[in-house]
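Fold and contact review
Each chain, written out:
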Amino acid sequence: MEEKKFMKGCEAVAEAAVRAGCRFFAGYPITPQNAVPEYLARRLPQVNGVFMQGESEVASSNMVFGGAAAGKRSLLSSSSCGISLMSETVSWMALCRLPVVVCNFQRGGPGIGSIQPSQQDYNQATRALGNGGYRMIVLAPADIQEAVDMTYEAFDLADKYSEPTMVLLDGFTGSLMEPVTLPPMKSEEEVKAIEASKPWVPTGNKGTFHRVFFHKPAPIQNGEDAEMYEKWKETEVQYETDGLEDAKLVVTSYGVSARIAESAVEVLRAEGYKLGFIRAKRIYPFPEAAFEEINYDQVKGILDVEMSQPAQYAEDVKAAVRKRAPIETCLTSGGVIIDRDDIVAAIRDMYERKVGE
Amino acid sequence: MMKQITKIPAAIDLEKGSNDFCPGCLHSASFKIVSQTLDEMGLFDKSAYVQGVGCCANALGYIRIDTIACPHGRGCAVAGAMKRCMPDTFIMTYQGDGDLAAIGMAETMHSANRGDNITVIFVNNGIYGMTGGQLAPTTLLGARTTTTPFGRNANEHGYPMHMCELINTLEAPSYIARVTCTDPANIRKAQKCVRDAFQHQLDGKGFSFVEFISNCPTNWGMTPLQSLDHIKNVVLNEYPLGVFRDK
């Protein structure tokens, strides 16, 4: 049964995880995602799940390694510098091809940065958290409803590919409260069936030798993983476009800044500006196809909006646009939430210079 | 008629290959005791083995037991979580001194303090074997390693760390013992301690810990027999054997 509630972003994500069948969580306190472990400390025991508070991010992520190895749908959640500490384990889980959902409620950086929202972990998320050059599907919700839906979906993706999957959020979406429609609760039977579908769980030898590690020689596994990542570029791309048909300028963004940018686009369209809008719903694999929908004879420029200095998402946009249109940026960083008025001003300025009128 | 007087433990598969331990290394003895005990107690078919990073990984060539090889030092965090998720599976870690006492000190102590219902086998040879003989937290004072070429000196490197004694300061752990495999009498004592530790987990008593004082002929620069004498005459003075706790 779907259910509508007024919820805080972190708690809504945690509840979505439980409804998706998550039965293991371990975490370590870090602002701005403390509501995730706090919620799950009460919630998981109600569904016979296991909650642990580790002595560090390193320990917590390894507990999640254990939970995933035991066949439980497992959630890893932290923020920016905490995610950095967990990266070694996520890299090992990619090696072992263990499914896990990783939520990063981004804050400012580098290092301890600030506790306010940012989008400064784009490269870390899309290039690989740890060593070895592995990739994850990275979902980038723009509001709490999408955060809930994408977290729910991320557990299916993690199991489908038996691979770490990331939901890249931000402290803003985690701390906000909004009405949200919760996805259906998976029944105990469904959860048991999911757990039973993992034949590699080490419950004892039972006549066959299996172990969760180096399940294939590294050169062979690397090659197979690379093929899987290539296939994702055909099957796992998700984006949204709007108004590209008659656009003279295109605004592009992702996550929370896309939510704000979209609203700025609406303001200016009402004044007659011909604006297109592209939002990456998943940032890996990157939606190159969205930028092929642009009519480059008509579009005079592209404005990248993101909460990171230097810009990171813009680098992927640049690679997709291949110099067919000039790209400019509208940025904040270090924990400053981007202001709609500043985006409106940036669009207005670029439009006047590139399109005229 | 031929009579079978010995049996290779189920966890060891000699057809698969051999282990990669150096000649004279006591890892093969401690791993054999662990494997034999799994057989004796009927645990082989319901065990998961969490393996550290270091020389213990040299067993991978000849073992057939469900194995989780986890990041360096994190064995207790992984094992503790697994046990909570699958309480009917027998879960043990097998870790060296660099793994358990240096990089994994936090995970080890906090798992012990939570009283995770797992068994930890700790193999202490006072040196980093696999990486070529560097200073370990357990290295004896005066011992030359590749990173203490003039010998471990307390002013600069601190003193050897005693894991059994450290864990024995905590309330939760239920079984703590230190053993060695230098001679038949000690091997029998080690077998009993491993069996008792396993029983603690089966009884749900919590964290059980067995430390094996081991050798490293290769990096100690000794013959295997000299290394056994060194354990008896020198190492055991620093690390006394015995059962520290049996709740």
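Before going into details, it helps to say that this report is about the structure given with it. (Residues numbered from 1 in each chain as written. Chains lettered and ligands numbered in written order. Predicted model: local features only at pLDDT ≥ 70, side-chain atom pairs only at ≥ 80, totals over all residues. Heavy atoms only, no water.)

A separate point is the overall build of chain A. Helix and strand content of chain A: 13 helices and 15 strands. A compact globule built from 357 residues would reach a C-alpha radius of gyration of about 21 Å, and chain A, at 21 Å, matches this within 12%. Looking at chain A residue by residue over its 357 residues, the buried ones come to 60%. Sequence separation of 24 or more characterises 81% of the internal contacts of chain A that already satisfy a separation of 6 or more. (Helix = DSSP H or I, 4+ residues; strand = E, 2+ residues; numbered from the N terminus. Rg over C-alpha atoms; globule rule 2.2 N^0.38 Å. Buried < 20%, exposed > 50% of the residue type's maximum accessible area, 1.4 Å probe, protein only. Contact = heavy atoms within 4.5 Å.)

Moving on to the interface of chain B and chain A. Tallying the contact residues gives 32 residues for chain B and 32 residues for chain A. Both faces considered, chain B and chain A share a buried interface measuring about 2500 Å² in area, 66% of it formed by carbon and sulfur atoms. It is Asp 66, Pro 71 and Cys 85 of chain B in chain B that bury the most area against chain A; as a group they hold 23% of the surface buried on that side. For the pair chain B and chain A, the number of links is 2 salt bridges. The salt bridge partner of Glu 88 of chain A is Arg 74 of chain B, with a shortest N-O separation of 3.9 Å. Linking chain B with chain A are 3 residue pairs in polar contact (both at pLDDT 80 or more). At the level of secondary structure, the elements contributing two or more residues to the side of chain B that touches chain A comprise β1 (47-51), β2 (67-69), α2 (75-85) and α4 (105-114) of chain B. Tallied by class, the residues present in the side of chain B that touches chain A amount to 17 nonpolar, 5 polar and 10 charged. (Buried area = accessible area lost by both parts, 1.4 Å probe. Salt bridge = Lys/Arg side-chain N within 4 Å of Asp/Glu carboxyl O. Polar contact = N/O pair within 3.5 Å; in protein donor to acceptor, adjacent residues only side chain to side chain. Nonpolar A, V, L, I, M, F, W, Y, C, P; charged D, E, K, R; others polar.)

Moving on to the pattern of salt bridges. By the definition in use, this model includes 37 salt bridges over all chains. Each of the salt bridges in this network shares a partner with another, and the network as a whole consists of Glu 55 of chain A together with Arg 84, Arg 114 and Asp 116 of chain B.

On to the state of the cysteines, then. Within this structure, the stated rule accounts for 0 disulfides over all chains. No disulfide involves Cys 81 of chain A; its nearest neighbouring cysteine sulfur is the one of Cys 10 of chain A, lying 15 Å away. Classification of Cys 81 of chain A by relative accessible area gives partly exposed; the value is 22%. Left unpaired, Cys 164 of chain B is separated from the closest cysteine sulfur, that of Cys 193 of chain B, by 9.7 Å. (Disulfide = S-S within 2.5 Å.)

Residues and elements named next belong to chain A. With respect to the helices and strands, Thr 252 occurs in strand β11 (residues 249-254). Within the local environment of Thr 252, its side chain forms a polar contact with the side chain of Tyr 313, the two groups lying 2.7 Å apart. Here Thr 252 is in contact with Ile 278, Phe 291, Ile 302, Leu 303, Asp 304, Val 305, Tyr 313 and Val 317, once residues within four sequence places are set aside.

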